[in-house]
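What follows is the residue order along each chain.
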Number of protein chains: 2
Amino acid sequence: MEALFKEKKVRVTAFRRTVYEIFEKYKSAISVNFIESELKDFDRITLYRTLKMFKEKGIIHEITFPYKEKKLALCKEDCKDNTETHNHDHIHFHCNQCKEVYCVDIPNFPHLNLTNYQVDKIEIQAMGTCAKCA
Amino acid sequence: MEALFKEKKVRVTAFRRTVYEIFEKYKSAISVNFIESELKDFDRITLYRTLKMFKEKGIIHEITFPYKEKKLALCKEDCKDNTETHNHDHIHFHCNQCKEVYCVDIPNFPHLNLTNYQVDKIEIQAMGTCAKCA
DNA sequence: TATTAAATGCAATAATGTTGCAATACTAAG
DNA sequence: CTTAGTATTGCAACATTATTGCATTTAATA
């Protein structure tokens, strides 16, 4: 983590370390709500600012499924340092059984060819049953 | 609209008609915020309840892009009447130029084959430049 | 270890969403 | 056409989620 933060020019503080370690601990994507429940004494504002900064620096990324709570997950090494240009070779998978959301690498990421539209980037959100629950 | 509402067992009221017509008027997906700005005299609670019900009945569907405002759009005829099982043969396209979100029909919707994961449904969110802005 | 820029914590406030309930409007039966 | 019964609306109150400004504290480095 120290190396990553240094590379991203982010100061290591006790609070940031704690938040980062929560992300590391859980393999699945987690919600702000969940992070709050994992922290004991904390300032909500500082948490929001920390998460916002993590997103801007490309340390974490947002995952949204319609009708579901927004989730956050650690980025792989290849994320750029702003929120708009995260680079994913993975899809997001929501398990209907355990309700967890996972980042899943896929070998050949689908390409989309739309007449009249110029597609720069696509995001794929999949729903179904995860490896553990299947 | 009368036919649709009747089929969905939804009472036609002045307010619901107004909200529905806003969706019809704009071809792109719209945010709650935008709907509020289109209405003059209205009760916010009634609006939230109307939108919630429209979603549950499969009249409209939610569209989410990470880092972007949640949007809503009319469903095509083939949507089931609950929020979880909307059936889309279209993708969602966010134009980086005009910032609008469109539902775009695509001929052969990609299929995803993940080892260990059972995929029931996928959502595709694309970003780029739309037909008008290109 | 002193300096200084960044991060934190608090207060205040904004935006977004929900619940309960009384008043009102609609629908269908007689 | 009227009435009973049910769904919808509008209000008050409240819950949740998020942001801003500012004084204080902390971390990096010279």
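See the structure printed just above.
Residue positions are counted from 1 within each chain, in the order its sequence is given. Written order decides the labels, with chains lettered from A and ligands numbered from 1. pLDDT decides what is reported in this predicted model: residues at 70 or higher carry local features, side-chain atom pairs at 80 or more are listed and counted, and totals for whole chains, interfaces and linings draw on all residues regardless. Side-chain measures were taken over the full set of non-hydrogen atoms in the model, leaving aside hydrogen atoms and water.

A. Molecular detail of the side chain of Gln125(A). For the purposes of this entry, the term helix denotes a DSSP run of H or I that reaches at least four residues, the term strand denotes a run of E that reaches at least two, and both are numbered from the N terminus. Its place among the elements puts Gln125(A) in strand β5 (residues 118–129). The classification of residues rests on relative accessible area computed with a 1.4 Å probe and restricted to protein chains. Under 20% of the type maximum is buried, over 50% is exposed, and intermediate values are partly exposed. The exposure class assigned to Gln125(A) is buried, which follows from its relative accessible area of 0%. Throughout, a residue-residue contact means that at least one pair of heavy atoms, one from each residue, lies within 4.5 Å. In this structure Gln125(A) touches Thr64(A), Phe65(A), His92(A), Lys121(B), Ile122(B), Glu123(B) and Gln125(B), once residues within four positions along its chain are discounted.

B. Representation of the relation of the copies chain B and chain A in the model. Our superposition of the copies is a least-squares fit, built on the C-alpha atoms of residues whose pLDDT is at least 70 in both. Once chain B is rotated about the relating axis by 180° and shifted along it by 0.0 Å, it coincides with chain A to within an RMSD of 0.0 Å. What the superposition gives is, in effect, a two-fold axis relating one chain to the other. Judged by C-alpha distance, Ile124(B) is the residue of chain B that lies nearest the rotation axis, at 2.4 Å. A symmetric contact is evident, with 100% of the interface residues of chain B recurring at the interface of chain A.

C. Structural context of the packing of helix α2 (residues 14–25) of chain B against helix α4 (residues 44–56) of chain B. Residues and elements named next belong to chain B. Orientation is described by lines fitted to C-alpha atoms, with helices fitted over the stretch in contact, and by angles between N-to-C directions that extend from 0 to 180 degrees. At a minimum axis separation of 11 Å, α2 and α4 run at an interaxial angle of 65°. Overall, the two elements α2 and α4 adopt an arrangement that is roughly perpendicular. In the packing of α2 onto α4, the handedness of the crossing is right-handed. Residues Phe-15, Arg-16, Val-19, Tyr-20 and Phe-23 of α2 touch α4, and the partners they reach there are Thr-46, Leu-47, Thr-50, Leu-51, Met-53 and Phe-54. Tallied by class, the residues present in the contact of α2 with α4 amount to eight nonpolar, two polar and one charged. Orientation categories follow fixed angle ranges, with anything under 35 degrees roughly parallel, anything over 145 roughly antiparallel, 65 to 115 roughly perpendicular, and all other angles oblique. Should the near helix be turned counterclockwise from the far one by less than a right angle, the crossing is left-handed, whereas a clockwise turn marks it as right-handed. Any residue that is not Ala, Val, Leu, Ile, Met, Phe, Trp, Tyr, Cys, Pro, Asp, Glu, Lys or Arg is counted as polar, Gly included; the first ten are nonpolar and the last four charged.

D. View of the protein's contact with DNA strand C. Taken together, 14 residues lie near DNA strand C, and Thr13(A), Arg16(A), Arg49(A), Arg44(B) and Tyr48(B) sit nearest. In DNA strand C, atoms within 4 Å of the protein come from the sugar-phosphate backbone in 54% of cases. A distance of 2.9 Å is found between a phosphate oxygen of DNA strand C and a side-chain nitrogen or oxygen belonging to Arg16(A). What qualifies as a polar contact is a pair of N or O atoms within 3.5 Å, subject to a donor-acceptor requirement within protein and to the restriction that residues adjacent in sequence count only when both atoms come from side chains. At a separation of 3.4 Å, a phosphate oxygen of DNA strand C approaches a polar side-chain atom of Thr46(A). The set of elements that each furnish at least two residues to the surface near DNA strand C consists of α2 (14–25) and α4 (44–56) of chain A together with α4 of chain B. Broken down by element, the surface near DNA strand C gets its largest block of residues, four residues, from α4(B). Any residue with a heavy atom positioned within 4 Å of a molecule or strand is treated as near that molecule or strand.

E. The nonpolar core, seen in detail. Ranked by internal contacts, the top residues of the largest apolar core, which has 24 residues, are Ile91(A), Leu112(A), Ile91(B) and Leu112(B). Elements represented by at least two residues in this core include exactly β3 (90–95), β4 (101–105) and β5 of chain A together with β3 (90–95), β4 (101–105) and β5 (118–129) of chain B. If we skip the residues at most four places from it in the chain, Leu112(A) touches Val119(A), Ile122(A), Ile91(B), Ile106(B), Pro110(B), Ile124(B) and Ala126(B). Throughout this description, the term nonpolar core refers to a set of buried Ala, Val, Leu, Ile, Met, Phe, Trp, Tyr and Cys residues connected via side-chain atoms within 4.5 Å.

F. Main features of the protein's contact with DNA strand D. Within the structure, DNA strand D sits among 14 residues, and Ile45(A), Tyr48(A), Thr13(B), Arg16(B) and Arg49(B) are positioned closest to it. The share of sugar and phosphate among atoms of DNA strand D within 4 Å of the protein is 64%. A distance of 2.8 Å is found between a phosphate oxygen of DNA strand D and a side-chain nitrogen or oxygen belonging to Arg16(B). Contacts to DNA strand D include Arg49(B), whose side-chain N or O atom sits 2.6 Å from a base oxygen. Secondary-structure elements contributing two or more residues to the surface near DNA strand D are α4 of chain A together with α2 and α4 of chain B. Along the lines of polarity and charge, the residues of the surface near DNA strand D split into five nonpolar, three polar and six charged.

G. Looking closely at the interface of chain B and chain A. In this complex, chain B contributes 37 residues to the contact, which on the side of chain A involves 37 residues. By convention, the term buried area covers the 1.4 Å-probe accessible surface removed from two parts as they join, with the contributions of both added. Buried area between chain B and chain A, both sides added, is near 3,200 Å², and the carbon and sulfur share of it is 61%. Considering only the surface of chain B that becomes buried against chain A, Tyr67(B), Tyr117(B) and Met127(B) emerge as the three largest contributors, covering 23% of it. Note on definitions: salt bridges are taken to be side-chain nitrogens of Lys or Arg within 4 Å of carboxyl oxygens of Asp or Glu. Between the two partners, chain B and chain A, sit zero salt bridges. On the surface where chain B and chain A come into contact, there are 11 residue pairs in polar contact (both at pLDDT 80 or more).

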